[in-house]
Structures are given as C-alpha cells and as structure tokens.
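Residue-level listing of the chains:
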Amino acid sequence: MSILEVKNLSVSFKQYTAGLKQTNHKVISSLNVTLEAGEILAVVGASGSGKSLLAHAILGILPSNASVSGVITFEGEELTSARQKAVRGKEIALVPQSVNFLDPLMHVGSQVRTSVKKGDAVKAQRAVFERLHLRQEVEQMYPFQLSGGMARRTLLSTAMVSGVKVIIADEPTPGLDPVVIKEALDQFREFANQGCAVMLITHDIESALQIADKIAVFYAGTTVEIAKVEDFLGQSEAIRHPYSKALWRALPQNDFIPIPGSQPHPSALPTGCLFAPRCEMATPECWEAQPDIRNLRDGMVRCIHAT
Amino acid sequence: MTSILKKFPLNRKQWALMKVLISVSVIIIVILGGLFLDEGRIVTNLTNRNSPPSIDNLFGTDWLGRDMFTRTVMGLTLSIGVGLIGAIGSAFIALILGMAAATMGRTADRIISWLIDLFLSVPHLVTLILIAFTLGGGFKGIVIGLTLTHWPTLARLIRAEVMQIRSADFVQVSQRMGKPRWWIAVHHILPHIVPQFLIGFMLLFPHVILHEAAVTFIGLGLSPHEPAIGIILSESMKYLSSGMWWLAFFPGLCLLMIVRMFDSIGDNLRLLTDPNGNRD
Amino acid sequence: MQLEAKDIGFRYDDGPWLFRGVNLSVEPGEVVGITGPSGRGKTTLCRILSSYETPLEGTVTYNGAPIPKKGYHPVQMVLQHPEKAINPRWKMHKILHEGYHPDEELLALLGIEQEWLTRWPHELSGGEMQRFCVARALGQNTRFLIADEMTTMLDAITQAQIWHAVSEIAKKREMGIIVVTHEVKLMQRLCHRIIDFSG
C-alpha cells in the first residue's frame, strides 16, 4: 500500500486581475501521484508547473485564496485539514525552498535540536551536521551569518533529525556544490532505505536521476509522465512523453538543445493537451481534449501518441 | 449578513474601495455642511433653551438656545481644517527627515534618529501643550504645535522603507545601468514611498484631530469663541450633571465617527495599494 | 579591451578575509567559468567585478583603466533570483526598457512573448522573469556579462534557451562571459576555460 496518494488534485487561485476584478486561475489540474514507502519520487518540471504547490497542498499550507479539490490519502486514510495539521512536522516534514523559513533570532544548532523527537538532541544534531559537512561553529551561528548553501543544509538537517515518515524536499539542491549535493542525496537514500518515503521536488534532473526510484514529470500543473528512473538513463527512447524527451534533450550533458516557446500561463491554458502548442507530434486530435493519464510500459503517460 | 453578501458579490478590494468612498463622502458632506449651514441657527435664542433632540433640533439645543447640530457640524469642519493643516505639515516634516536620514550619510542619520527617539520618548500631548502654551495658544499656537509633534512615527517608517529599497538588488542593477541618483529616487524609491506616505498621512489625521480637541478641551487650544469640538465638549461638561446628555453625547459621537472614518480610509488604502495583495 | 582583476582582497567589516590576492583576466569573446565550494566568496568576487562592491585591496580595470563610477557599466551581472532584481511595482515593459530598448530579434531569441510585457512581475514565473533580466543586461554597451548562478533555479529547457541566446549574442558582439555555477556539465558545455576558486 502506498504511504501517500494524491488523486485527481486540482488547485485554483482567486486573483485580482486589472484593477479590482477577480478571476480564478487553475494552477494544478487533475494531478495524480503516489508515494511508496522506501522509495524516492522525484518531481521534475519547470518553475510554475505546480511542483511546489503540490507540496503545499499535501501539507495544507496553501494561501487562503486557493481552493482545492481531489483526494489526498496518507497511510490509507484521507488527509483532512485537521489531520494535515496533526501530521505536519511529525509524520510529514517539508524541507522548504526558501531560507526564510529559519528563525532569524535563534542559533541554528538549537533550531535543529527542537525538531528531535526522541533521544539525545545534541548528539543527533551534531551527527547530522557532520554528515552534511557543517562545521561545529555553525551551531552557534544565526541564520544571517550562513551562506546560501549552509542555510539550505541546515534546513535539510532539521527534517532529517525529526524522525518523520515522509519528507517532502522542495528544491533542496540548487546552489550547492556537487560534494554536498551528493551527501544530501545520499541522506535521502538512507532515509528511504529505513522505510520512509521521500518526495524530491526539483528542476535539477541530474540530481534526480542519481538518486530517485521514480520520476514524475510536471508540465503546466499536471503530470505528463511517471516512470522508473531507468527509463531516463541511457538514451531517450524509453521516455514516453514528448515533453519529457524535450527536457532530456535540453540537458547540458545530452544535446543541450531547447525546444522553442514556453509553458502556458494558467490564465491561458490550451483547450486540448497542454503541451500541444509546442509538440512536434501534435495532431488535430491533440487540440480537442486533454488526454487522460494511462498506463504504458510499466509507467504512466498523458499523451495519445506515446508508445 | 450572508444574504447581503450574496446580493452584492464584492471581493475584498472592491469592499475596501467602497469603504474609502463612503468615508470620503461623509467627510465632504460634513465640510460642506460646516461651510453652508445657516449661521442664524447658532445665534442665541433664549426662547428655545435646553430642549432635548427633536425634528427641529436634531441634536437638541444648549443653554443659550443654539442648535447643537449646527454647532457640531461647524465644530467638526474646524477640527478637520486644523487637522488637515497639522497632518500635512507633520507628514512633510516626516518625509523630508525620513528621506534625509536614509540618504544623507551616517551623521545625518544619527542626528535625525536621535531626534525621532527624543520626540517619541515624551508623550505627544505633553510636547504639544508645551509648544501651544509657549506660542500663546490660539489657532496659530495649536497648528504649529500639532505640526511639530506628530511627525516622528511616520519619519521612522519612511527612513526604514527608503533604506530597504536603496539596498534592493533592483536599485543596484539600475545604478550599473548608469541611472543617476535622482532618476532612481523618482522611479524606484518614490513609487514605494508614496503609498506609505499617503497612508501614514491619513492615519496621522485622526491623531491630530483628537489631540487638537483634547488640548482645546483643557483650554490651551483654540479660543472659546471658535465653535471647535473641544470647546463644545468642555462647555457641555458643566451641564452633564443637570441631565442634558445630548450636549456632549452627539458632538462626542460625531468626533469619534470622523476619526474612525479617517482611520478606515488609511487602512483600506493600504490594502488597495499593496502590489502583493493580489490574493484574497 | 580585457577585464582584469589584480590582487583583489575582501572582507566584511572586521571579519576574516573572504579571499586575498585574487587575480583574474577575461578577454573579449571569452567564456570563463568559476567553480568552487559554496561560501568561499564566488558571489562576492562577481559583485566586485561588476562594481556592486568595492574591494578592500587590489583593483579592477577594464581596458587598462579603472571603471568609471558613473554611466553605463561595461560589466553587467545577472543574479540568481530574478524576483529580487526586479522592481515589483513596475510592469514588465518598464523593467525591460530601463537601460535601453532591446530589438525584436533579441526578444525572440530569448523567447520573451509580447503579451508578457503588459504583465506585473508577480504574474510571471521565475524562468520568464529571468529572461527579462538577461535581456536587460545585454545592452549594446555591455562588454562582459557575469552570470552568477543565472539559470540555477530554472528547468533544463529554459536554461538551454537562455544560454543559446546569450552565447549567440556574445559571439556576435565579442562579449566576454563569466559563468558561476555548480553544475559541472553546464560549465563544460559553455566555458573555454575554468578557474577553481577555493579561496
């Protein structure tokens, strides 16, 4: 049984447009993702594809102008907003994207220690700092004294010592050097091996490929493909969706060739397949209706042409 | 309440605009009233003394038979006028000192910050009374007093805001593009300061009006011949014990309402001008 | 026409030296990468090269002479977080046209759509905003571009789009580029020469 399951999630935002009028923007539509115990799922996609919002929806920390539909279940039971509050930080932890989540007036060492639920807090904190290459002096520093990379590692260690079952890491790696990235990723692996689940939200496909078991590719607020990580290694022929292929080809280690255009804005989504305007394989049918996600070769894809 | 909301499905920004418009129109009506009401209604009329509120005299009449409604409206107009001058003066002092502290170097900043702290450490009312008293009271004394005492909080706010924007990345980028200092001040810093300034100004207003009324009430402000709210209230105090509640009740209530109106304009303007307030 | 840094040293207030005796020179048309662990002052060096910060020791010269404080700076920097480098109270067209008016060709190259110009910054995604920051930094008088983790927060397709555009323009105008990134593969793709900056 999967530990966390997201079914048909949609999130829309009420926003002011010109002057005083409001409109509803659908930023996530019919999104499906499952997270298994002992597994790392990497969620990849461009900024604005709804990756972070998925994390916020799971934890129930979306801003008040958001409306959510769909079902999220955790350990087989529905995650209601009351339950989200109860499990937040105890069963499910977020490693946030922004360094502003640290308390500016507290030594970072003490901040990490407050997250330790059982055992010797100081020892646990020192151990995790050492593994993430944070020197012992860092304990006594305030967040403003940290460099970007150090702050990110501090956030990471907070989640790691807290003894949770699910970690959702929102862009934990950008701006870190390769050695530290490797350490952090190994930590996630170890964490998963202990029977926990990790959702790694990132646009950095390279790190995702190093460590994840499964990859979910997001585009314009929905999942276009969910596949085993092996399909993304080697050449691109095992990749199902044309967007995932384009993403793969644009990597500096592959062809470094981008496709033109950009992801549609939530206020101007195409009627049919969301990727159709940029897709080489697009046919008139693609413009008619958004394809449903379907099973294909031990993975899932949202494209009528994928084979 | 819900049925009204359903009939008028306004979002928060539209509500805010509504509230601002209502408050502004009430204030304009009061000012026009003060300017155009028949002065004949406030001459002594001993045949109609001490009458409680009625259709003819909405707020009743006083011990000299003057119509309290007319007196209140005129008093409010005067108070708004004094408040306006005091608030404009204070706001400009705040703007100049705040900008100077943030842009003219360390020494200027230290002196101005010290001055702000000094004024903030003594209650407004005390400095206000002192200044008004030194200048011999009256209209001039009270206006100068109000102007000189109400700027520190706004000055501090503006100083902090300017400093923050000055070090923002986008300002530094602008400098590298060869934009002169005045250009950056006008295009980058001012657009951030203006809303803050307007809101701060609006919120100064009620403060100034209340303090004017208070100082006038204790006899150090406007002269007793002027129909100021503070004077009306202080005169009415003597008659409260004889059961003539309307003398103090209506003017007091109206003063409170006007003050709340300015508060609400300030608060709602803040909501309307926030660029990140695109959420509900 | 080279950009040269000689014996640069920097520290904040009375803190320890972040680095000392740093030497670097970049030729026109050259793409130089700077790598090294985080927290060693790569960003500070970039800020010094583009005059955001004054070095405590040493000099930065362009064309053999110090860079004048006033006027358009020949070294322009694009930062990691576009949302901080943009005035949130300006519409996108004003942001884009702050330094000069980029031509249609440049906008097309960077994939900036006309319709975005009338939007507010908060209505665009990070990738879209960063394209504007890049376009803004590519004025006719820009001789060197410093890209400090310029595409770190962006997806692979946007990253490739932006770098293709920047490289093409740099080649055409003989513009030098300094690339700071932790992504080894990207650096290998882009740079003629890589400097290890370990402090």
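Residues numbered from 1 in each chain as written. Chains lettered and ligands numbered in written order. Predicted model: local features only at pLDDT ≥ 70, side-chain atom pairs only at ≥ 80, totals over all residues. Heavy atoms only, no water.

A. A look at the overall build of chain A. Of regular secondary structure, chain A possesses 8 helices and 12 strands. Scaling as 2.2 N^0.38, a compact globule of 307 residues should have a C-alpha radius of gyration of about 19 Å, and chain A matches this with 20 Å. With the principal axes as the frame, chain A shows a C-alpha extent of 60 × 50 × 40 Å. By the burial criterion, 55% of the 307 residues in chain A qualify as buried. (Helix = DSSP H or I, 4+ residues; strand = E, 2+ residues; numbered from the N terminus. Rg over C-alpha atoms; globule rule 2.2 N^0.38 Å. Buried < 20%, exposed > 50% of the residue type's maximum accessible area, 1.4 Å probe, protein only.)

B. Spotlight on the overall build of chain B. The secondary structure content of chain B amounts to 11 helices and 0 strands. Listed by position from the N terminus, the elements making up chain B come as α-α-α-α-α-α-α-α-α-α-α. Taken over the C-alpha atoms alone, chain B extends approximately 80 × 55 × 30 Å along its principal axes. By the burial criterion, 46% of the 280 residues in chain B qualify as buried. Of the accessible surface of chain B, which amounts to about 14,000 Å², a share of 69% is contributed by carbon and sulfur atoms. Side-chain charges of chain B comprise 22 positive and 16 negative groups, with the mean position of each set lying 10 Å from the other. (Areas by Shrake-Rupley, 256 points an atom, 1.4 Å probe, with all protein chains shown as cover. Lys, Arg positive; Asp, Glu negative; His and termini not counted. Charge placed at Lys NZ, Arg CZ, Asp CG, Glu CD.)

C. Quick look at the interface of chain A and chain C. Listed by partner, the interface residues are 36 residues for chain A and 31 residues for chain C. Together chain A and chain C conceal approximately 2,600 Å² of surface at their shared face, both sides included; 57% is due to carbon and sulfur atoms. When the area that chain A buries against chain C is broken down by residue, the three leading residues are His203, Pro252 and Phe256 of chain A, summing to 23%. Between chain A and chain C we count 1 salt bridge in total. Residue Lys185 of chain C pairs with Glu206 of chain A through a salt bridge whose shortest N-O separation is 3.1 Å. Inspection of the chain A/chain C interface yields 11 residue pairs in polar contact (both at pLDDT 80 or more). Sorting the residues of the side of chain A that touches chain C by element identifies helix H5 (148-161), helix H7 (205-211) and helix H8 (242-249) of chain A as the ones contributing at least two each. Tallying contributions element by element places H8 of chain A first for the side of chain A that touches chain C, with 3 residues. (Contact = heavy atoms within 4.5 Å. Buried area = accessible area lost by both parts, 1.4 Å probe. Salt bridge = Lys/Arg side-chain N within 4 Å of Asp/Glu carboxyl O. Polar contact = N/O pair within 3.5 Å; in protein donor to acceptor, adjacent residues only side chain to side chain.)

D. Structural view of the packing of helix H3 (residues 68-103) of chain B against helix H9 (residues 181-217) of chain B. Orientation of H3 of chain B relative to H9 of chain B, taken along the N-to-C sense of each, is 145 degrees, at an axis distance of 8 Å. The two elements H3 of chain B and H9 of chain B meet at a crossing, and its hand is right-handed. (Axes fitted to C-alpha atoms, helices over the stretch in contact; angles between N-to-C directions. Left-handed = near helix turned anticlockwise from the far one by under 90°.)

E. Focus on the pattern of salt bridges. Counted by the stated rule, this structure contains 23 salt bridges over all chains. Here Arg126 of chain A makes a salt bridge to Glu139 of chain A, at a shortest N to O gap of 2.7 Å. Taken together, the residues span a long stretch of sequence, with Arg126 of chain A in helix H4 (residues 121-131) and Glu139 of chain A in the loop between H4 and H5 at a distance of 13 residues. Two residues, Asp263 of chain B and Arg260 of chain B, come together in a salt bridge whose shortest N-O distance is 3.7 Å. A residue pair is termed a helical-turn pair when its members lie 3 or 4 positions apart in one helix, as Asp263 of chain B and Arg260 of chain B do in helix H11 (residues 246-273) at 3 residues. Residue Asp263 of chain B is classed as partly exposed on the basis of its relative accessible area, which comes to 23%. Residue classification places Arg260 of chain B among the partly exposed positions, given a relative accessible area of 49%.

F. Molecular detail of the environment of His124 of chain B. Residue and element names in this part refer to chain B. Here His124 is to be found in helix H5 (residues 124-134). Using a relative accessible area of 15% as the deciding quantity, one classes His124 as buried. Setting aside residues no more than four positions away along its own chain, His124 makes contact with Thr149, His150, His207 and His211.

G. Structural context of the UniProt feature "transmembrane region" (unreviewed entry) in chain B. Residues and elements named next belong to chain B. Per the UniProt annotation, the sites labelled "transmembrane region" (unreviewed entry) are residues 20-37, 73-99, 182-205 and 243-262. Between the first and last C-alpha atoms of residues 20-37 the distance is 25 Å; the span itself is 94% helix and 0% strand. In residues 73-99, helix accounts for 100% and strand for 0%; the two terminal C-alpha atoms are 38 Å from one another. (UniProt positions renumbered as here; feature names shortened; annotations may be inferred.)

H. Structural context of the layout of surface pockets. Of the volumes computed, that of the second largest pocket is approximately 1,100 Å³. Around the second largest pocket sit 32 residues that line it, and Gln175, Arg176 and Arg181 of chain B together with Ser51 and Lys69 of chain C are the ones nearest its centre. Of all the secondary structure elements, the ones that give two or more residues to the lining of the second largest pocket are H3, helix H8 (169-176) and H9 of chain B together with helix H1 (42-49) and strand E4 (57-62) of chain C. Along the lines of polarity and charge, the residues of the lining of the second largest pocket split into 14 nonpolar, 11 polar and 7 charged. (1 Å grid on protein atoms, 1.4 Å probe; cavity = no way out; pocket = protein on both sides within 12 Å on 5 of 7 lines; lining within 4 Å. Points joined across faces, edges and corners; volume = space filled by probe spheres on them. Nonpolar A, V, L, I, M, F, W, Y, C, P; charged D, E, K, R; others polar.)

I. The sheet that holds strand E4 (residues 66-74) of chain A, seen in detail. Residue and element names in this part refer to chain A. Read from one edge of the open sheet, 4 strands run E2-E1-E4-E5, paired in antiparallel fashion. Only two strands of the sheet have a single neighbouring strand rather than two, namely strand E2 (22-35) and strand E5 (77-78). In the sheet, E4 pairs with E5 via 2 bridges, with the strands oriented antiparallel. Directly across from Phe74, in E5, lies its bridge partner Glu77. Each of strand E1 (4-16), E2 and E4 is contacted by helix H1 (residues 51-59), which is oriented at about 105 degrees to E1, the strand it contacts most. (Pairing = 2+ DSSP bridges.)

J. Quick peek at the side chain of Ser125 of chain C. You can see Ser125 of chain C is positioned in the loop between helix H3 (104-110) and helix H4 (126-137). Excluding residues that lie within four positions of it along the chain, Ser125 of chain C makes contacts with Ser47 and Gly48 of chain A.

K. Region of the structure containing the UniProt feature "domain: ABC transmembrane type-1" (unreviewed entry) in chain B. UniProt marks residues 76-266 of chain B with the feature "domain: ABC transmembrane type-1" (unreviewed entry), using the numbering shown here. End C-alpha atoms of residues 76-266 of chain B are separated by 19 Å, and the span's content is 84% helix alongside 0% strand.

L. View of a nonpolar patch on the surface. Taken together, the side chains of Phe217, Ile218, Met237, Leu240, Trp245, Phe249, Leu253 and Leu256 of chain B present a nonpolar region at the surface, about 770 Å² in accessible area. It is H11 of chain B that provides the largest number of residues to the nonpolar patch, a total of 3 residues. (Patch = residues over 30% accessible without salt bridge, like charges linked within 9 Å, V, L, I, M, F, W, Y side chains within 5 Å.)

M. Main features of the packing of aromatic side chains. Enumeration according to the criterion identifies 19 aromatic pairs over all chains in this entry. Here Trp245 of chain B and Trp246 of chain B contribute two aromatic rings whose centre-to-centre distance is 5.9 Å and whose plane-to-plane angle is 85 degrees, an arrangement assigned as edge-to-face. Owing to a relative accessible area of 44%, Trp245 of chain B belongs among the partly exposed residues under this scheme. Centroid distance Phe19 of chain C to Phe197 of chain C: 5.5 Å. Interplanar angle 75 degrees. Geometry classified as edge-to-face. Here Phe197 of chain C lies in the segment after strand E9 (193-196) and Phe19 of chain C lies in strand E2 (residues 19-26), a separation of 178 residues in the sequence. This pair shows no difference in class: Phe19 of chain C is buried, exactly as Phe197 of chain C is. Aromatic rings pair up to connect Phe59, Phe69, Trp245, Trp246, Phe249 and Phe250 of chain B into one cluster. (Phe/Tyr/Trp six-rings, centres within 6.5 Å; stacked < 30°, edge-to-face > 60°.)

N. Up close: the nonpolar core. Counting residues in each nonpolar core, the largest one holds 199 residues, and the members touching the most others are Phe188, Ile215 and Tyr243 of chain A together with Leu3, Leu49 and Trp163 of chain C. Ranked by residues supplied to this core, first place goes to H9 of chain B with 13 residues. Here Leu49 of chain C is in contact with Leu3, Ala5, Leu24, Val60, Ile67, His73, Val75, Ile146 and Ile178 of chain C, once residues within four sequence places are set aside. Counting residues in hydrophobic clusters, the runner-up holds 34 residues, among them Val11, Leu54, Met199 and Ile226 of chain A. (Core = buried A, V, L, I, M, F, W, Y, C linked by side-chain atoms within 4.5 Å.)

O. Seen up close, the packing of H3 of chain B against helix H10 (residues 229-240) of chain B. Residues and elements named next belong to chain B. Contact geometry of H3 with H10 gives a least axis separation of 8 Å together with a crossing angle of 135 degrees. Relative to H10, the element H3 is oriented oblique. Contacts from Met68, Arg71, Thr72, Gly75, Leu76 and Ser79 in H3 reach Ile229, Ile232 and Glu235 in H10. (Parallel < 35°, antiparallel > 145°, perpendicular 65-115°, else oblique.)

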